[in-house]
Amino acid sequence: MGKFFHFINDEKNLKYCFLIAIAVTLGIFLLKFFVTGFGVYGDGLGYYTPLRSLLFDGNLRVDNEYSYYAETAGQFNSSPRVFGPIPEYSKYTVGLGIVLLPFFALGHVVALILHQFNNAIPINGMSWPYELFYCLGSVGLGITGLALSYRFARRYFSHISCLLAVGGIWFASPLSYYLFLEVSMSHAVSAFLIALFLYGIFTKPWLTDGRWQIMLALAIAFAAWVRPQDVLFFLAPILVAAIGFETQPLGNQQPSLTTISAIHWGKASQTIFTNITKRKFWQPLLVMLTVAMLMQIPQLLIYLWQYGGIERIPYLEEGQATGHGGSFNWLQPSLWQVLFSGHRGLFIWHPITLLAVVGLVLGWRLLPRLNTILLVTFLAQVYFIAAWWSWWQGASVGGRMFSNCTFLFVFGIANFWQKISGRRWQKWAAFVTAFFAFWNMLIVLQYQSGMIPPEAPVTLVELYQNQFEVIPFFVSHLLEKF
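Below is a summary of the structure that appears in this document. In this text, all values refer to a predicted model and were calculated from it rather than measured experimentally. (Residues numbered from 1 in each chain as written. Predicted model: local features only at pLDDT ≥ 70, side-chain atom pairs only at ≥ 80, totals over all residues. Heavy atoms only, no water.)

Focus: unusual backbone geometry
Phi angles above zero are rare outside glycine, and Arg344 is one such case at about 70°. Along the chain, Arg344 falls in the loop between α16 (335-340) and α17 (346-349). In this structure, Gln393 is a non-glycine residue whose phi angle is positive, near 70°. By secondary structure assignment, the location of Gln393 is in the loop between α19 (368-387) and α20 (406-418). (Helix = DSSP H or I, 4+ residues; strand = E, 2+ residues; numbered from the N terminus.)

Considering the nonpolar core
Formed by 145 residues in total, the largest nonpolar core has its most connected members in Phe202, Phe378 and Phe411. Top element by residues in this core is helix α7 (residues 128-153). It accounts for 13 residues. With sequence-adjacent residues up to four places away left out, Phe202 is seen in contact with Phe152, Val240, Phe245, Leu370, Ile373, Leu374 and Phe407. One finds Leu442, Met451, Val470 and Phe474 within the second-largest nonpolar core, a separate group that totals five residues. (Core = buried A, V, L, I, M, F, W, Y, C linked by side-chain atoms within 4.5 Å. Buried < 20%, exposed > 50% of the residue type's maximum accessible area, 1.4 Å probe, protein only. Contact = heavy atoms within 4.5 Å.)

Remarks on helix α3 (residues 43-56)
With 14 residues, α3 ought to run about 20 Å at 1.5 Å a step, and its terminal C-alpha atoms sit 21 Å apart, in line with that. Of all 14 residues in α3, 10 are buried, a share of seventy percent or more. Of all the positions in α3, only Gly44, Leu45, Gly46, Tyr47, Tyr48, Thr49, Pro50, Leu51, Arg52 and Ser53 are classed as buried. Trailing α3 by a residue or two, Gly58 shows a phi angle of about 75°, which is positive. (Expected span 1.5 Å × (residues − 1).)

What to know about a nonpolar patch on the surface
On the surface, Leu294, Ile297, Leu300, Leu301, Leu304, Ile310 and Leu316 cluster together to form a nonpolar patch covering roughly 590 Å² of accessible area. Relative to the helices and strands, Leu294 is located in helix α14 (residues 279-307). (Patch = residues over 30% accessible without salt bridge, like charges linked within 9 Å, V, L, I, M, F, W, Y side chains within 5 Å. Areas by Shrake-Rupley, 256 points an atom, 1.4 Å probe, with all protein chains shown as cover. Salt bridge = Lys/Arg side-chain N within 4 Å of Asp/Glu carboxyl O.)

Thoughts on the packing of helix α12 (residues 235-243) against α14
It is at 10 Å that the axes of α12 and α14 come closest, and there the two elements cross at 170°. On the basis of their axis angle, the class for α12 and α14 is roughly antiparallel. Along its contact with α12, which presents Pro237, Ile238, Ala241 and Ala242, the element α14 presents Phe281, Leu285 and Met288. Classifying every residue of the contact of α12 with α14 gives seven nonpolar, no polar and no charged. (Axes fitted to C-alpha atoms, helices over the stretch in contact; angles between N-to-C directions. Parallel < 35°, antiparallel > 145°, perpendicular 65-115°, else oblique. Nonpolar A, V, L, I, M, F, W, Y, C, P; charged D, E, K, R; others polar.)

The following block contains the structure:
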């Protein structure tokens, strides 16, 4: 045990820690891929098929792709890949496919090569090489987002605090399942794009450099193209321009005269008013907003062409169609349920995220402006998700829609561990992180084995009791498949 703590404490071993985590991630994903025979299924098909259709058919109709997949089933349990009616068009945005296009193209090259030796591997955009490299691209980008999160947190906190924070989010957060198993979903890529955007906002001179304004605008635009809710992270540059943030913990720097210091929060309103009346506040934000909005036009035109009106987009009709009155209830959001209920409550299914939010609060005195910005962006996500009719986020392993908060979760947990001094805390921190990862694994086993329904409500009592019974249940579930 002593050698383990010595190993992770030495920052020179950081790359080995990441390599071990990457090996575990790829090992789990590849095992799942080759056991089932595919990597794209469920909602992932809705993101994947428009890309394939555009490249191979020259249109965005996905009925032929869905018909093809409806005739295929998993090798392990013969479960069909398509449930329900065949759609004519996908309700999902095309952004994920565009981001993962280079990886899809690599899969095409591999398919061309393999086809020369085995005619059974078709060059049709739907054989396993395409899916494999498409999914590997999602995994790779998700891991890159975690690396960016570590790199930023390391500017403020110790190596061990940041490493444990990344490890916790990697293996115990909403991101985990969609980084290891259901990787064709949009969540890992969303986590990467938001991490890239926030890293740039907090480290690059975008307030004065037009090139960075355009590049960061492209990052948030692609993020919104992948998951529209990600546009709410545009609050971060607005707050940075208005109040500034600490480039290092207070006590190690002199507060800028144009930003709000930790000691003078009483003058906050005056400082903000002064900042927002200056051209240097509005100009970079307008440039970024213009680029980001222009980037959304193609998707809006696609929706208009497919459905005949913005109000007829499936996401905006689902609430009423399912008897909820509307897709969003802005005046009565399910705030408590989305965080604390057994029915996919974020803090209940993924307790480490509560540790992250507590860390942002506890670290407020050390980094008041930076932690405020991160807390505001998190609360914006909470409100948006809680206002959605399906606040439990559909068939979901916990709070999957919070995967885009990976960057701030890492920072919050590093904040938390940094508050505890002394060498003994490291063992407790590592134990807590390992416990949360084990807890998350049991949750995934519950979901994968059917011990809990994929979307129907689950009570706290049921969820917790199942944690003590899930391993034998999962083993018996596996034995039934053989």
